[in-house]
Amino acid sequence: MGRAYDFVDVTRWFSSRSDLILLIFDAHKLDISDEFKEAIEQLKGNDEKVRVVLNKCDMINTQQLMRVYGALMWFLGKVIKTPEV
């Protein structure tokens, strides 16, 4: 993307020094880009700091929320590669 710094190294640096790490997902678009996937992979070892925020979930009904939740867990499971997300 033409950055003057290494995104992966910066992500690793910030995650090791942060008290709380928020991963924000939109309820209407759950896709995880390659860059976001790389950022999530750099969070290993800081799992206790990570919180997942589902943005705009108040705009969907309960049934849709359960589908979105399941899809999000499926996507995250592929990225994080642990038995339990």
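Look above for the structure.
Residues numbered from 1 in each chain as written. Predicted model: local features only at pLDDT ≥ 70, side-chain atom pairs only at ≥ 80, totals over all residues. Heavy atoms only, no water.

Undergrad: Just to check I follow, could you spell out the pattern of salt bridges for this structure?
TA: Charged atoms that come close allow side chains of opposite charge to pair. Applying the stated rule across the entire model yields three salt bridges. Linking R12 and D9 is a salt bridge whose minimum nitrogen-to-oxygen distance equals 2.8 Å. Note that R12 and D9 are positioned in helix 1 (residues 7-17) at a spacing of three residues, about one turn of the helix. R12 gets classed as partly exposed once you look at its relative accessible area, which sits at 39%. Put simply, D26 and K56 hold a salt bridge, and the shortest N to O gap is 3.3 Å. You can see D26 sitting in strand 1 (residues 21-26) and its partner K56 sitting in the loop between strand 2 (50-55) and helix 3 (62-80), a full 30 residues away along the chain. (Salt bridge = Lys/Arg side-chain N within 4 Å of Asp/Glu carboxyl O. Helix = DSSP H or I, 4+ residues; strand = E, 2+ residues; numbered from the N terminus. Buried < 20%, exposed > 50% of the residue type's maximum accessible area, 1.4 Å probe, protein only.)

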